[in-house]
Amino acid sequence: MTLPLTDTALIGTCLAASALGLIVLTSSGSNGQTPADTDAVQSAQLDAEPTQQEEVLSQLGASAVPGTVSVDAEFGEQVRSYLLQNPEVIFEAVAAFEQRNAEAQADMDRAILEANADALFNDPNSWVGGNPEGDITLVEFLDYRCGFCKRAHDEVLELLEADSGIRLIVKEFPILGPESELSSRFAIASLRLGGDDMYEQVNDTLIRHDGPVTPEYLDELAEELGLDFDALVAEMESEEVSNILADNRALAQRLQISGTPTFVMETEMIRGFVDAEVLIETAEFLRN
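None of the values given here were measured: they were computed from a predicted structure. (Residues numbered from 1 in each chain as written. Predicted model: local features only at pLDDT ≥ 70, side-chain atom pairs only at ≥ 80, totals over all residues. Heavy atoms only, no water.)

Here the focus is the overall build of the protein chain. Secondary structure summary: the protein chain contains 12 helices and eight strands in total. Out of the 288 residues belonging to the protein chain, those deemed buried represent 41%. Across the protein chain, the fraction of contacts at a sequence separation of at least 24, relative to all contacts at a separation of at least 6, is 75%. If you sum the accessible surface of the protein chain, you get close to 15200 Å²; carbon and sulfur atoms cover 51% of it. (Helix = DSSP H or I, 4+ residues; strand = E, 2+ residues; numbered from the N terminus. Buried < 20%, exposed > 50% of the residue type's maximum accessible area, 1.4 Å probe, protein only. Contact = heavy atoms within 4.5 Å. Areas by Shrake-Rupley, 256 points an atom, 1.4 Å probe, with all protein chains shown as cover.)

Below, the discussion takes up empty space enclosed by the protein. Over the atoms rolls a probe the size of a water molecule, and its path tells where empty space is left. A full pass over the atoms with the stated rule returns one cavity of 30 Å³ or more. By volume, the largest cavity amounts to about 60 Å³. Surrounding the largest cavity, Asn125, Ser126, Trp127, Val170, Lys171, Glu172, Ile188, Leu191, Tyr199, Ile244 and Asn248 form its lining. At the level of secondary structure, the elements contributing two or more residues to the lining of the largest cavity comprise strand 6 (166-172), helix 7 (178-194) and helix 11 (239-254). The element best represented in the lining of the largest cavity is strand 6, accounting for three residues. Of the residues in the lining of the largest cavity, the class split is six nonpolar, three polar and two charged. (1 Å grid on protein atoms, 1.4 Å probe; cavity = no way out; pocket = protein on both sides within 12 Å on 5 of 7 lines; lining within 4 Å. Points joined across faces, edges and corners; volume = space filled by probe spheres on them. Nonpolar A, V, L, I, M, F, W, Y, C, P; charged D, E, K, R; others polar.)

Moving on: the packing of helix 7 against helix 8 (residues 196-208). Running from N to C, helix 7 and helix 8 point in directions that differ by 160 degrees, and their axes come no closer than 7 Å. Overall, the two elements helix 7 and helix 8 adopt an arrangement that is roughly antiparallel. The hand of the helix 7/helix 8 crossing is right-handed. Here helix 7 contributes Ser183, Phe186, Ala187, Ser190, Leu191 and Gly194 to the contact with helix 8, which in turn contributes Asp196, Met198, Tyr199, Val202 and Leu206. (Axes fitted to C-alpha atoms, helices over the stretch in contact; angles between N-to-C directions. Parallel < 35°, antiparallel > 145°, perpendicular 65-115°, else oblique. Left-handed = near helix turned anticlockwise from the far one by under 90°.)

What follows is about the layout of surface pockets. Quantified by volume, the second largest pocket comes out at close to 200 Å³. Trp127, His153, Leu157, Leu168 and Asn203 are, among the 14 residues lining the second largest pocket, the residues nearest its centre. Contributions of two or more residues to the lining of the second largest pocket are made by strand 4 (127-130), strand 5 (136-142), helix 6 (147-162), strand 6 and helix 8. Considering only residue class, the lining of the second largest pocket consists of eight nonpolar, three polar and three charged.

Below is the structure:
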């Protein structure tokens, strides 16, 4: 879903990187003085593959030594003058650099997801909703106290309504303090004691709840849902529930997930809130 870096963009990246270094080196320093030896060869680091770098530098009339690019002062002044007249080149180079970084991050995400596919998609301790036999699996890491998770909840429901082929897995990932932990323990305990339908009700209620999450509130919620609160508390404090949360945190760490919501749809990782349309389009992309 990203575009390849073109030779023109690469040249722009090299030119901008050289110029940014040269602007510093050829203009007044922080003390307002100009370097004495203006004929000295000056260097700027470039972030490019050696073979690409050599080709680009050849076109620019410069030469490379290991780890650096060397250009004379006259060429540096020409580059500086050009960029001062055409500053948009720097923005184009930055955009190309960000695109290349995004491509590298996406590749790394896919490798990490593949290595952790079993824990993501086949965990027997996580709730499965939507269409359990669906051809596309969406995993959501959530925290009930997270405002963006609350916003994302209806977007996920809209996705499930629009696409009957989505299998949804929820990973309890409480990271926002004791109330988050209490909420996730209650939700997991409700799944273990009440089953999938009960968890779905609890999940929907907790994510929509605006007030504090206290033992008193959870007692009232359990009564509304017909659950035995004492049994829930015992389950919430059990080693099994603690292990589930520990496994989810360890998985998130391996996936380099530090915030909520985070979505994993098959081979794609989506960090942060997105609307339903993005999720729908991602599913369609994965099917094609």
